[in-house]
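Report on the structure
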Amino acid sequence: MSIKTQNPLVGIIMGSDSDLPIMKAAADILEQFNIPFELTIVSAHRTPQRMIDYASKAKERGIKVVIAGAGGAAHLPGMIASITTLPVIGVPIKSSNSIDGWDSILSILQMPNGVPVATVALNAAKNAGILAAQVIGSFNTDIAEKITLYKNTLETEVLEKVKNQIRDFVEVCHYPKALDLLEKLATGKMLRSKLILKIAKESDESDEIIRLCAVVEMIHAASLLHDDVIDEADTRRGKPSINALYDNKTSIMFGDILYSRAFTELSQMDKKVAYHVSNAVTELSIGEMMDVDLTQSFNSSYDKYLIMIYKKTASLIEASARSAAILIGCDDEKQERYASYGKNLGLAFQMVDDILDITQSSQTLGKPAMLDLKTKVVFIKACSGMV
């Protein structure tokens, strides 16, 4: 069996045609990127001379990357790597005689120094195809752009899962108006979810990670519903706010629904996650109250401003980062590092938001400009070197 497109750049080989159902995923993704490839059977044990010929001549034929799939003893990727200087990507396959796949994983993974094989997860031929495409993309800008677009699409798909999870959480209320309000709620950048997914290395789309994203986004949305009432804002992210579409009471009560549903789901999650996220909501609420208090007179304290934006914005982003680290099993030191990153990201995010609030129009911002100016006066002075 052999498949070959014109002027192939990637060689896909496997030890047996029984490996084809797995290895086809590599061919499919390369086809999606319009990268020419060849696919054939090359056995390290049954056709050793063919294997040597293939590896030694691949480079002069124009092949840039070799993807080699093998199960059981899985010698093929390593043997190819020992003959050619081309990058070799190994795909361990769980074959019929495999020891639960571990034999092929370790055989490909544990290569001696000087003979590297980039090893993907068990049966992960699609990832091997993506990695091969990225190698090609390092010298081909068209392919690089296609990979960037593909990865952006992946993020969109995962964020769509988060939105669907939020809808499922609200649907449990059996209150149609809540779903109607959710549809009218403006969707933002979902920064907190993106941070959680980044920490979870993007590939971890477990139910627990998606649930954490949904819970945090519901809490954030609830705080904005209340914030719009406090600020008397009639737009949010370029769309009419819920209080503008309905009234303040509806906005407040819908915020309470989102808060309560988020806490119900949070109570079923890891105990540490539940603590840190719920504690951040307390900080957030205090931050909102501080924001209101600071509007009563011009704020002259930079320290008060920093405390306020930490509580109001950064605390939930900090808790999101820490919670993601907890769920993926990071030790205490790594949890602290991720939490610190989340905190500083949150502070920076709010400072940028405040700068935009006083330098950009309402149309650009998608919300009323120049809100809470009194709380930002000391920050404005700091930015201009007056403090």
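Before reading further, recall that the structure is shown in the block above.
Here we summarise the structure given alongside this text. (Residues numbered from 1 in each chain as written. Predicted model: local features only at pLDDT ≥ 70, side-chain atom pairs only at ≥ 80, totals over all residues. Heavy atoms only, no water.)

**Overview of the pattern of salt bridges**
Inspection of the entire model under this criterion finds 14 salt bridges. A salt bridge links Lys 184 to Asp 180; the shortest N-O distance between them is 2.9 Å. Here the residue Lys 184 and the residue Asp 180 both occupy positions in helix 7 (residues 176-184), the gap between them amounting to four residues, near one helical turn. Taking the shortest distance from any N to any O, the salt bridge between Glu 265 and Arg 261 comes out at 2.6 Å. Here the residue Glu 265 and the residue Arg 261 both occupy positions in helix 11 (residues 248-266), the gap between them amounting to four residues, near one helical turn. The residues Glu 265 and Arg 261 share a single accessibility class, namely buried. One salt-bridge network, in which partners are shared between bridges, spans Glu 208, Arg 211, Arg 261 and Glu 265. (Salt bridge = Lys/Arg side-chain N within 4 Å of Asp/Glu carboxyl O. Helix = DSSP H or I, 4+ residues; strand = E, 2+ residues; numbered from the N terminus. Buried < 20%, exposed > 50% of the residue type's maximum accessible area, 1.4 Å probe, protein only.)

**Things to note about the pairing of strand 2 (residues 10-14)**
Among the five residues in strand 2, five count as buried, and that is most of the element. The alternating pattern of strand 2 places Val 10, Ile 12 and Met 14 and Gly 11 and Ile 13 on opposite faces, both of which are buried. As defined by bridge partners, strand 2 adjoins strand 3 (residues 37-41) across five bridges and the pair is classed as parallel. Its bridge partner lying in strand 3, Val 10 is registered against Phe 37. At this point the chain moves from strand 2, through helix 1 (residues 20-32), to the parallel strand 3, and the crossover so formed is right-handed. As paired elements, strand 2 and strand 4 (residues 65-71) share five bridges and run parallel to each other. Each residue of the ladder has a partner; that of Val 10, found in strand 4, is Val 65. (Pairing = 2+ DSSP bridges. Right-handed = clockwise from strand over helix to strand, strands pointing away.)

**A short note on the side chain of Arg 322**
As for its placement among the helices and strands, Arg 322 is situated in helix 13 (residues 302-327). Setting aside residues no more than four positions away along its own chain, Arg 322 makes contact with His 276, Gln 335, Glu 336 and Ala 339. (Contact = heavy atoms within 4.5 Å.)

**Describing the packing of helix 8 (residues 191-199) against helix 13**
In contact at an axis separation of 8 Å, helix 8 and helix 13 are set at 25° when each is read in the N-to-C sense. By the angle between their axes, helix 8 is roughly parallel relative to helix 13. Relative to helix 13, helix 8 is oriented so that their crossing is right-handed. Counted together, Leu 191, Arg 192, Leu 195, Ile 196 and Ile 199 of helix 8 and Thr 313, Leu 316, Ile 317, Ser 320, Ala 321, Ala 324 and Ala 325 of helix 13 form the full contact between these two elements. Its residues assigned to classes, the contact of helix 8 with helix 13 comprises nine nonpolar, two polar and one charged. (Axes fitted to C-alpha atoms, helices over the stretch in contact; angles between N-to-C directions. Parallel < 35°, antiparallel > 145°, perpendicular 65-115°, else oblique. Left-handed = near helix turned anticlockwise from the far one by under 90°. Nonpolar A, V, L, I, M, F, W, Y, C, P; charged D, E, K, R; others polar.)

**Quick notes on helix 7**
For an α-helix, the turn length of 3.6 residues means that residues three or four places apart are oriented alike. Regarding helix 7, the residues found buried are Ala 178, Leu 179, Leu 181 and Leu 182. Looking straight down helix 7, one finds its buried side chains confined to an arc of 160°; they lie on one side. With respect to the buried face of helix 7, the exposed residues turned more than 90 degrees away are Pro 176 and Glu 183. Lining the buried residues of helix 7 we find helix 6 (141-171), helix 10 (242-245) and helix 11. (Arc of directions from axis to C-beta.)

**What to know about the packing of aromatic side chains**
Here the structure, examined in full by the defined rule, presents two aromatic pairs. Ring centres 5.4 Å apart and planes at 85° place the aromatic pair Phe 33 and Tyr 150 in the edge-to-face group. A residue pair is termed long-range when its members are at least 10 positions apart, and Phe 33 in the loop between helix 1 and strand 3 and Tyr 150 in helix 6 qualify at 117 residues. Across this residue pair, the class does not change: Phe 33 and Tyr 150 are buried. Aromatic pair Tyr 302 and Tyr 305: ring centres 6.2 Å apart, planes at 15°, arrangement stacked. (Phe/Tyr/Trp six-rings, centres within 6.5 Å; stacked < 30°, edge-to-face > 60°.)

**A closer look at the environment of Leu 86**
Along the chain, Leu 86 falls in the loop between helix 3 (76-83) and strand 5 (88-93). Take Leu 86: its relative accessible area is 10%, and that puts it in the buried class. Measuring from C-alpha to C-alpha, the distance between Leu 86 and Ala 58 comes to 8.3 Å, with 28 residues separating the pair along the chain.

**Observations concerning the packing of helix 1 against helix 5 (residues 125-137)**
One can describe the packing of helix 1 onto helix 5 by two numbers: an axis separation of 7 Å at closest approach and a directional angle of 35°. Between helix 1 and helix 5 the crossing geometry is right-handed. For the pair formed by helix 1 and helix 5, the contact residues are Ile 22, Met 23, Ala 25, Ala 26, Ile 29 and Leu 30 on the first element and Ala 125, Lys 126, Gly 129, Ile 130, Ala 132 and Ala 133 on the second. Residue composition of the contact of helix 1 with helix 5, by class: 10 nonpolar, one polar and one charged.

**Brief notes about unusual backbone geometry**
Unlike most non-glycine residues, His 174 shows phi in positive territory, near 55°. Looking at where His 174 falls in the secondary structure, it is placed in the loop between helix 6 and helix 7. Phi at Glu 232 takes a positive value of approximately 55°, unusual for a residue other than glycine. Along the chain, Glu 232 turns up in the loop between helix 9 (207-231) and strand 7 (235-236).

**Examining helix 9**
End to end, helix 9 covers 36 Å across 25 residues, agreeing with the expected 36 Å (1.5 Å per residue, within 8%). Among the 25 residues that make up helix 9, 21 are buried, leaving the element largely enclosed by the rest of the structure. Immediately downstream of helix 9, the backbone of Glu 232 shows phi near 55°, a positive value. (Expected span 1.5 Å × (residues − 1).)

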